[in-house]
Amino acid sequence: MTIDREGLKRQAAERAVAEIEDGMVVGLGSGSTSALAVAALGERVKSGLRVVGVPTSAKTEALAHRAGVPLTTFAEHRVLDLAFDGADEVERGTLNLIKGLGGALVREKIVAAAAKRLIIMVDDSKLVDQLGMRAPVPVEVVTFGWQATEEQLRALDAAPRLRLDERERPFLTDNGNYILDCSFGPLPDPSHLTVELDLIPGVVETGLFLGMTSAVIVASETGIEVLEAPSR
Ligand code: A5P
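Residues numbered from 1 in each chain as written. Predicted model: local features only at pLDDT ≥ 70, side-chain atom pairs only at ≥ 80, totals over all residues. Heavy atoms only, no water.

1. Let's talk about the overall build of the protein chain
- For the protein chain, the helix and strand inventory stands at 6 helices and 14 strands.
- What you see for the protein chain is a C-alpha radius of gyration of 17 Å, in line with the 17 Å of a compact globule of 232 residues.
- Along the three orthogonal principal directions, the C-alpha set of the protein chain runs to about 55 × 40 × 40 Å.
- By residue count, 50% of the 232 residues in the protein chain fall in the buried class. (Helix = DSSP H or I, 4+ residues; strand = E, 2+ residues; numbered from the N terminus. Rg over C-alpha atoms; globule rule 2.2 N^0.38 Å. Buried < 20%, exposed > 50% of the residue type's maximum accessible area, 1.4 Å probe, protein only.)

As structure tokens, then:
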């Protein structure tokens, strides 16, 4: 029997949205799971919940408008009460993440860092024993001299690939940058790698989200499990 991944994502999304309380400022993630959460939040707003959201992408902004979720910006709110988002990989134990296969990693990381609580929603296929086992690490780079940046990534054995859009042109992020998807393989020391990547000129941000997660809501065929982050 095939697993209903969409149904699992919906369950995780609804569980995350149940944590949102009246008056909260909420970071709205990007990707298919976050889209379901924005829709669920819209339903709660229609029933009287008062919240404002900070979207992590133009796509999420449009979805929030459609769902009737009022929006705000960092000009009004520098600290968010809670942010919800999906992930491409979640490392068991540490709850470190790889994010950005949807291309919104820079804004997602800014929102995650500004949130008192970051709730990640996944189905169980995203859980891994070590980051890098399934997904590449997306690295957002400025377009100027991206080939030189790529060369420096190659020197780190990243096997970088310029991300293309559906028309085979370079994929442009909401920030007007490119993404190089870097396949390092399993990452025993992602903290060290983050430092190395951040030192490369032209690198804007990476999809390694380390020590940011508060909790992960995992939906599987056996039900919902909430993994709380280890105390830091
Ligand atoms: C967007 O840039 C990503 O970080 C998404 O949060 C991630 O790709 C998960 O997406 P899905 O919810 O579509 O699996």
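2. Observations concerning the layout of surface pockets
- In this structure, the largest pocket occupies an estimated 520 Å³ of space.
- Lining the largest pocket are 31 residues; nearest its centre among them are Ser30, Gly31, Gly102, Gly103 and Ala104.
- Of all elements in the fold, only helix H2 (32–46), helix H3 (58–67) and helix H4 (105–114) reach the threshold of two or more residues within the lining of the largest pocket.
- Of the residues contributing to the lining of the largest pocket, the split by class is 10 nonpolar, 12 polar and 9 charged. (1 Å grid on protein atoms, 1.4 Å probe; cavity = no way out; pocket = protein on both sides within 12 Å on 5 of 7 lines; lining within 4 Å. Points joined across faces, edges and corners; volume = space filled by probe spheres on them. Nonpolar A, V, L, I, M, F, W, Y, C, P; charged D, E, K, R; others polar.)

3. A word on unusual backbone geometry
- Positive phi, close to 60°, is recorded for Leu95, a residue that is not glycine.
- Taking relative accessible area as the criterion, Leu95 reaches 2% and is therefore assigned buried.
- For Ala159, which is not a glycine, the phi torsion comes out positive at approximately 45°.
- Along the chain, the position of Ala159 falls in the loop between helix H5 (146–154) and strand S9 (161–162).
- Its relative accessible area of 43% is what places Ala159 among the partly exposed residues.

4. Examining the pattern of salt bridges
- A complete count under the given rule lists 16 salt bridges for this structure.
- Salt-bridge contacts for Asp123 lead to Arg5; the nearest nitrogen and oxygen are separated by 2.8 Å. Of this pair, Asp123 sits in strand S6 (residues 118–123) while Arg5 is found in helix H1 (residues 5–17), placing the two residues 118 residues apart along the sequence.
- As a salt-bridge pair, Asp22 and Arg50 come within 2.3 Å of each other at their nearest N and O atoms. Remark: Arg50 occurs in the loop between H2 and strand S2 (52–55) and Asp22 occurs in the loop between H1 and strand S1 (25–28); sequence separation between them is 28 residues.
- On the basis of relative accessibility, which here comes to 57%, the residue Arg50 falls in the exposed class. (Salt bridge = Lys/Arg side-chain N within 4 Å of Asp/Glu carboxyl O.)

5. With respect to a nonpolar patch on the surface
- A cluster of nonpolar residues, Val142, Phe144 and Val204, forms a patch on the protein surface that exposes about 300 Å² of accessible area.
- Within the secondary structure, Val204 is located in strand S11 (residues 203–206).
- Using a relative accessible area of 34% as the deciding quantity, one classes Val204 as partly exposed. (Patch = residues over 30% accessible without salt bridge, like charges linked within 9 Å, V, L, I, M, F, W, Y side chains within 5 Å. Areas by Shrake-Rupley, 256 points an atom, 1.4 Å probe, with all protein chains shown as cover.)

6. Some details on the sheet that holds strand S5 (residues 97–98)
- Spatial strand order, S7-S4-S5-S12: 4 strands in an open sheet with mixed pairing. The sheet terminates laterally at strand S7 (127–128) and strand S12 (208–209), the two strands that pair on one side only.
- As paired elements, S5 and S12 share 2 bridges and run antiparallel to each other. From the neighbouring strand, Ile98 faces S12, where its bridge partner is Leu208. (Pairing = 2+ DSSP bridges.)

7. Quick word on the site of the ligand
- With respect to spatial proximity, 17 residues lie near the ligand, and among them Ser32, Thr33, Asp88, Gly100 and Lys126 are the closest.
- Within the backbone of Gly100, one N or O atom sits 2.8 Å away from an oxygen atom of the ligand.
- For the ligand, an oxygen atom lies 2.9 Å from a polar atom in the backbone of Ala104.
- Taken together, the residues that form the shell around the ligand break down as 3 nonpolar, 8 polar and 6 charged. (Near = heavy atom within 4 Å. Polar contact = N/O pair within 3.5 Å; in protein donor to acceptor, adjacent residues only side chain to side chain.)

8. Things to note about the sheet that holds S9
- In spatial order, the strands read S9-S10-S8-S11; together these 4 strands make up an open sheet with antiparallel pairing. With partners counted over all chains shown, the strands left at the sheet margins are S9 and S11, one partner each.
- Bridge analysis of S9 against strand S10 (residues 178–182) gives 2 bridges, and the strand direction is antiparallel. Bridge pairing links Arg161 to Asp181 in S10.
- Most of the contacts of H4 go to S11, to which it runs at about 65°, and overall it touches strand S8 (137–141), S10 and S11.
- Where H5 meets the sheet, its contacts fall on S8, S9, S10 and S11, and the angle it forms with S10 comes to roughly 15°. (Contact = heavy atoms within 4.5 Å. Axes fitted to C-alpha atoms, helices over the stretch in contact; angles between N-to-C directions.)

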